[in-house]
There are 2 protein chains.
Amino acid sequence: MTRQYLEDFTVGQVFGSGRLLVEKDAILAFAKQFDPQPYHLDDEAARKSVFGGLAASGWHTAALTMRLLVESDFKPAGGILGVGFEELRWPRPVRPGDELYTKSEVLDVRSSKSRPDRGLIRVRTTTFNQHDEEVQIYTGNLLVPRRPT
Amino acid sequence: MTRQYLEDFTVGQVFGSGRLLVEKDAILAFAKQFDPQPYHLDDEAARKSVFGGLAASGWHTAALTMRLLVESDFKPAGGILGVGFEELRWPRPVRPGDELYTKSEVLDVRSSKSRPDRGLIRVRTTTFNQHDEEVQIYTGNLLVPRRPT
């Protein structure tokens, strides 16, 4: 897989991903470890909650999105290094049995003024379920090295 | 533990948390499952990376922060329900053996215009290591029900 340097990114580029099935057991295991709230752990409690049924922790969706990105064709040299996000939201819950995939669009490419060997790209990554509905959207700035001369 | 309704939140309130030790094994296990990049998985590769040593995935820090919040005195009725974040960044890596804790400050409290039974609070949560250095900062909007009349 070819690694991408700052020079390889252009505004408007879109990178896709494979798909990842979200099993109920994985939702429960993540919630137990990191987000032990009733609507992520228990069917009955979840039904009575604002989610109306068992839903994955948003942080689980974020972690699964990272997994999809790492395995995708989006391969910045030096790794996927998010220095900060300016937006992160979950417009729709992720349910047991959902299958997720991502699309990442390059919104901006800029050189670093202080460090000539690198730059930043601004990327919006949207995570979809199997009905092509948005379940997570974030826009982040990633550190990308320039191609060594 | 008393649950907090919209009426219980005021601008400037600060909620603390307990502490959570980040073991090396946990960093590796999280990375293997969700963020399999060399600097989160391998000491040698990490030393040569921008991190200069093994570092936890930012999403691991975010997930651990959620765990700290759920176990803290910050107990919005209906749960900790983030509808979206406007900022999320990791100013410093989390290392094996770090001990994390959080501080959450209420920045804004407002009623919902469309749904009189609820409102939104804007909260900035900072995650610190054992040297009181910031390792994660995010500002999010949380859904909170009004006290039932």
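Residues numbered from 1 in each chain as written. Chains lettered and ligands numbered in written order. Predicted model: local features only at pLDDT ≥ 70, side-chain atom pairs only at ≥ 80, totals over all residues. Heavy atoms only, no water.

Draft legend 1. Looking closely at the overall build of chain A. When you go through chain A residue by residue, the secondary structure sums to four helices and six strands. Oriented by its inertia axes, the alpha-carbon framework of chain A measures out at about 60 × 25 × 20 Å. Within chain A, buried positions represent 47% of all 149 residues. Partitioning the intrachain contacts of chain A with sequence separation of at least 6 by distance along the chain shows that 70% fall at a separation of at least 24. Accessible surface, chain A as shown: approximately 6,900 Å² in total, 49% of it carbon and sulfur. Both charge centroids of chain A, one from 20 positive and one from 20 negative side chains, sit 5 Å from each other. (Helix = DSSP H or I, 4+ residues; strand = E, 2+ residues; numbered from the N terminus. Buried < 20%, exposed > 50% of the residue type's maximum accessible area, 1.4 Å probe, protein only. Contact = heavy atoms within 4.5 Å. Areas by Shrake-Rupley, 256 points an atom, 1.4 Å probe, with all protein chains shown as cover. Lys, Arg positive; Asp, Glu negative; His and termini not counted. Charge placed at Lys NZ, Arg CZ, Asp CG, Glu CD.)

Draft legend 2. Broad picture of the confidence of the model for chain A. Summing up the model confidence of chain A, the mean pLDDT is 95 and the portion of residues at 70 or higher is 99%. Reported confidences for the modelled complex are a pTM of 0.96 and an ipTM of 0.95. (pLDDT = per-residue confidence, 0-100.)

Draft legend 3. Summary view of the side chain of Ser104(A). Residue and element names in this part refer to chain A. Looking at the element boundaries, Ser104 is found in strand β4 (residues 99-111). Here Thr125 takes part through its side chain, which lies 2.8 Å from a polar atom of the side chain of Ser104. Apart from the residues within four sequence positions on either side, Ser104 is in contact with Gln13, Val14, Phe15, Leu69, Val123, Arg124 and Thr125. (Polar contact = N/O pair within 3.5 Å; in protein donor to acceptor, adjacent residues only side chain to side chain.)

Draft legend 4. Highlighting the interface of chain B and chain A. Opposite the 33 residues of chain B that make contact, chain A presents 33 residues. It is Phe34(B), Trp59(B) and Phe85(B) in chain B that bury the most area against chain A; as a group they hold 26% of the surface buried on that side. Applying the counting criterion to the chain B and chain A interface returns zero salt bridges. Where chain B touches chain A, the interface holds twelve residue pairs in polar contact (both at pLDDT 80 or more). Residue assignment for the side of chain B that touches chain A shows that the elements contributing at least two residues are α1 (24-34), α4 (58-70), β3 (82-89) and β6 (134-145) of chain B. For the side of chain B that touches chain A, a count of residues per class yields 20 nonpolar, seven polar and six charged. Of the pairings in the sheet, the one linking strand β3 (residues 82-89) of chain A to β3(B) comprises four bridges and is antiparallel in character. Residue pairing across strands places Phe85(A) opposite Leu88(B), the latter belonging to β3(B). (Buried area = accessible area lost by both parts, 1.4 Å probe. Salt bridge = Lys/Arg side-chain N within 4 Å of Asp/Glu carboxyl O. Nonpolar A, V, L, I, M, F, W, Y, C, P; charged D, E, K, R; others polar. Pairing = 2+ DSSP bridges.)

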